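Below are the chains, spelled out letter by letter.
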Amino acid sequence: EAGVAQSPRYKIIEKRQSVAFWCNPISGHATLYWYQQILGQGPKLLIQFQNNGVVDDSQLPKDRFSAERLKGVDSTLKIQPAKLEDSAVYLCASSIGQYYGYTFGSGTRLTVV
Amino acid sequence: AQSVTQLDSHVSVSEGTPVLLRCNYSSSYSPSLFWYVQHPNKGLQLLLKYTSAATLVKGINGFEAEFKKSETSFHLTKPSAHMSDAAEYFCVVIGSGSARQLTFGSGTQLTVLP
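Residues numbered from 1 in each chain as written. Chains lettered and ligands numbered in written order. Predicted model: local features only at pLDDT ≥ 70, side-chain atom pairs only at ≥ 80, totals over all residues. Heavy atoms only, no water.

Overview of the overall build of chain B
So, step 1. Looking only at helices and strands, chain B has zero helices and twelve strands in total.
So, step 2. Put simply, chain B runs from its N terminus to its C terminus through helices and strands in the order β-β-β-β-β-β-β-β-β-β-β-β.
So, step 3. Residues classed as buried in chain B amount to 44% of the 114 residues present.
So, step 4. When contacts within chain B are restricted to residue pairs at least 6 apart in sequence, long-range pairs at least 24 apart make up 56% of them.
So, step 5. Total accessible area on chain B is roughly 5400 Å²; 51% of this is exposed by carbon and sulfur atoms. (Helix = DSSP H or I, 4+ residues; strand = E, 2+ residues; numbered from the N terminus. Buried < 20%, exposed > 50% of the residue type's maximum accessible area, 1.4 Å probe, protein only. Contact = heavy atoms within 4.5 Å. Areas by Shrake-Rupley, 256 points an atom, 1.4 Å probe, with all protein chains shown as cover.)

As for the pairing of strand E9 (residues 88-95) of chain A
Residues and elements named next belong to chain A.
So, step 1. Counted residue by residue, E9 has eight buried out of eight residues, so it is predominantly covered.
So, step 2. On E9, burial covers both faces: Ala88, Tyr90, Cys92 and Ser94 on one face and Val89, Leu91, Ala93 and Ser95 on the other are all buried.
So, step 3. For strand E4 (residues 31-37) and E9, the ladder comprises seven bridges, and the chain directions are antiparallel. Residue pairing in the sheet places Leu32 in a bridge with Ser94 of E9.
So, step 4. Looking at chain direction, E9 and strand E11 (residues 108-112) are connected through three bridges and run antiparallel. Looking at E11, one finds that Ala88 is bridged to Leu110. (Pairing = 2+ DSSP bridges.)

Some words on the interface of chain B and chain A
So, step 1. If you look at the interface, chain B gives 17 residues, while chain A gives 22 residues.
So, step 2. Here chain B and chain A share an interface that buries about 1500 Å² over both sides, 50% of which is from carbon and sulfur atoms.
So, step 3. Counting across the interface, chain B meets chain A through zero salt bridges.
So, step 4. Linking chain B with chain A are two residue pairs in polar contact (both at pLDDT 80 or more).
So, step 5. Only strand E5 (32-38), strand E6 (44-50), strand E10 (87-94) and strand E11 (102-104) of chain B provide two or more residues apiece to the side of chain B that touches chain A.
So, step 6. Taken together, the residues of the side of chain B that touches chain A sort by class into seven nonpolar, eight polar and two charged. (Buried area = accessible area lost by both parts, 1.4 Å probe. Salt bridge = Lys/Arg side-chain N within 4 Å of Asp/Glu carboxyl O. Polar contact = N/O pair within 3.5 Å; in protein donor to acceptor, adjacent residues only side chain to side chain. Nonpolar A, V, L, I, M, F, W, Y, C, P; charged D, E, K, R; others polar.)

Side note on the nonpolar core
So, step 1. In this structure, Trp35, Leu48, Leu76 and Tyr89 of chain B are the most contacted members of the largest nonpolar core, which totals 26 residues.
So, step 2. Broken down by element, the residue count for this core peaks at four residues, all from E10 of chain B.
So, step 3. By size, the runner-up hydrophobic cluster in this structure holds 21 residues, among which are Val4, Cys23, Leu32 and Ile79 of chain A. (Core = buried A, V, L, I, M, F, W, Y, C linked by side-chain atoms within 4.5 Å.)

Printed below as a string of structure tokens:
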């Protein structure tokens, strides 16, 4: 089966600019996650979707980050305006259900200068 | 809340020698635990998982881990290291209830020396 697709692979922007990342999960996977991985740290959950509804966004900095999952399939994560500390790899993962495994995409590496 | 602590940020071994990456967990219930590996510029790959079945779990590439409730540990081992094992390894616990989120440890960087 095809994996979790993410784009772009790399993005460099200046602080205060906006940026968007896209994720296409594995077909049929109802649950989708966005994680932020800062260099030298483990991934941290930003938001979890179940179909097109938000299950948990408690760790999403809502003043600058937003995410949506249109029609319960693709998802977009946006940062506006970006800060230097947003430099990280943004990982998307999907799962068919809560008791099954998770598949991660290759991530988008964001550099804010 | 559940959490995992990886006791070593860096581990260095010689090729052909055993690998031990240590992980302790904290959970108020019987947890589900995972080990993931991340090679440079690659995505996270599942090595193995424990979901309250056998306490000794075998994974891919010769890795295995043993769940020890009395020690709240889930250490990752491999009898003989390969150069290709050099990567970042993450111990992960999964949350309870409807929000089955993965909580990652801080990672252990494994270096394999020739």
